[in-house]
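# An overview of the molecular structure
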Amino acid sequence: MSAEELVARHQPTLDAALAAIRTREYFSAYPESPSPRVYGETAAPAGQAAFDAWLGKDFPLEIPGADGRIATERSPYGPDLGVRYPRITADGLDALLSSARDAMPSWRDAGPAVRSAVCVEVLARLHARVFELANAVQHTTGQAFVMAFQAGGTHALDRALEAIAYAHEEQNRTPPIAYWEKPAGKGEPLRMTKTFHIVPRGVALVIGCNTFPTWNSWPGLFASLATGNAVVVKPHPNAALPLAITVQAAREVLSELGFDPNLVTLAAEDPADRLAQDLAVRPEVKIIDFTGSSEFGSWLEDNA
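A short tour of the structure in this document, coming up. The structure presented is a predicted model; accordingly, all values stated were derived computationally and were not measured.

Turning to the environment of Asp58, a few remarks are in order. With respect to the helices and strands, the residue Asp58 is situated in the loop between helix H3 (43-54) and strand S1 (69-70). Once you skip the residues sitting within four places of it in the chain, Asp58 turns out to touch Arg69 and Arg84. A distance of 2.6 Å separates a polar atom in the side chain of Asp58 from a polar atom in the side chain of Arg84.

Now the structure itself:
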């Protein structure tokens, strides 16, 4: 599928979201009931099977700078998940962040319409995996299944779509080209053609939390991605799987459309590594999205 076809496919969803942010009326693109009447009889067991298939296995991501693998999650309902993610340490940050920066130019040049459509396509892929995500959220946060389905799935998708809509609106508020003319007292008016370029800030860092890993991370992730920035997702060690699934979906869509998948990377860590601190003070990182303790939030404000 071409980028132009993707823009046309998702324009109705984006238009509905844009209308909602302008009127502040209720709008949801993703049904919140996990009922078989909504999603079909096979969706729930298929999602359960997809979740089960990750347990005790290597999660299939190739992340620049990774050194070995790390498994850190234990379900509040009992068992270790045993999912092994590519491990990032301080020694791998040069490779991780340089790959993120190198991926940005073509993504920047694609323009807001394509970036928004790609982001909405990622949401569509995640929505297709919503039961898998719900199980991942349930068994990392301890939420009941329906809450995990809604807060970790459909409501999180709505938050992400809202962020994409606001990003799209702001990027289109200023015209890319303006023809400027000032009348002169005598002779020809003074005429200029002005061009305006959207300039991404740099690498964005999303620091995930243990309680609502998708609901709290997706708005910042998709706002940064939609505005041309690369995103490094640093999940909480207790709740990595929901964000690993997110990163996997994003990288798949980006690769299919010819963009560098390293626009979105996962930085899984050993809890003792305190990787968020190392990432937050790197000069490549220009945006930080964080939900968590006031103590670490204060540290970020003071140091990053």
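The next thing to look at is the side chain of Glu284. Along the chain, Glu284 falls in the loop between helix H11 (275-280) and strand S8 (285-290). Within the local environment of Glu284, its side chain forms a polar contact with the side chain of Arg282, the two groups lying 2.9 Å apart.

Our next topic: the environment of Phe222. Structurally, Phe222 can be placed in helix H9 (residues 218-226). Counting along the chain gives 58 residues from Phe222 to Ile164, while the straight-line C-alpha distance between them is 6.1 Å. If sequence neighbours within four positions are ignored, Phe222 has contacts with Cys119, Val122, Leu123, Leu126, Ala160 and Ile164.

We now examine the sheet that holds strand S7 (residues 264-266). In space, the four strands of this open sheet follow the order S7-S6-S5-S8, with parallel pairing throughout. Taken across any chain shown, the strands that pair with only one partner, and hence form the sheet edges, are S7 and S8. Going from strand to strand, the sheet's axes swing by 20° on average, the running direction of each strand aside. Note: strand S5 (residues 203-207) against strand S6 (residues 231-234), four bridges, orientation parallel. Considered in S6, the bridge of Ala204 is made with Val231. Running at roughly 125° to S5, helix H4 (residues 93-102) makes contact with S5, S6, S7 and S8 of the sheet. Sheet strands in contact with helix H12 (residues 294-303) are S5 and S8, and its direction is about 165° off that of S8.

Okay, the packing of helix H6 (residues 112-128) against helix H8 (residues 145-171) next. At a minimum axis separation of 10 Å, H6 and H8 run at an interaxial angle of 175°. By the angle between their axes, H6 is roughly antiparallel relative to H8. Of the residues in H8, those in contact with Pro112, Ala113, Arg115, Ser116, Cys119, Val120, Leu123, Leu126 and His127 of H6 are Leu157, Ala160, Leu161, Ile164, His168 and Gln171. For the contact of H6 with H8, the residue count by class is ten nonpolar, four polar and one charged.

Looking now at the nonpolar core. By size, the foremost hydrophobic cluster in this structure holds 79 residues, and its most contacted members are Leu126, Phe222, Leu263 and Leu266. The element that contributes the greatest number of residues to this core is helix H10 (residues 241-256), accounting for nine residues. Counting six residues, the second-largest nonpolar core is a separate cluster that includes Tyr39, Ala43, Val130 and Ala134.

Rules used in this analysis
Residues numbered from 1 in each chain as written. Predicted model: local features only at pLDDT ≥ 70, side-chain atom pairs only at ≥ 80, totals over all residues. Heavy atoms only, no water. Helix = DSSP H or I, 4+ residues; strand = E, 2+ residues; numbered from the N terminus. Contact = heavy atoms within 4.5 Å. Polar contact = N/O pair within 3.5 Å; in protein donor to acceptor, adjacent residues only side chain to side chain. Pairing = 2+ DSSP bridges. Axes fitted to C-alpha atoms, helices over the stretch in contact; angles between N-to-C directions. Parallel < 35°, antiparallel > 145°, perpendicular 65-115°, else oblique. Nonpolar A, V, L, I, M, F, W, Y, C, P; charged D, E, K, R; others polar. Core = buried A, V, L, I, M, F, W, Y, C linked by side-chain atoms within 4.5 Å. Buried < 20%, exposed > 50% of the residue type's maximum accessible area, 1.4 Å probe, protein only.

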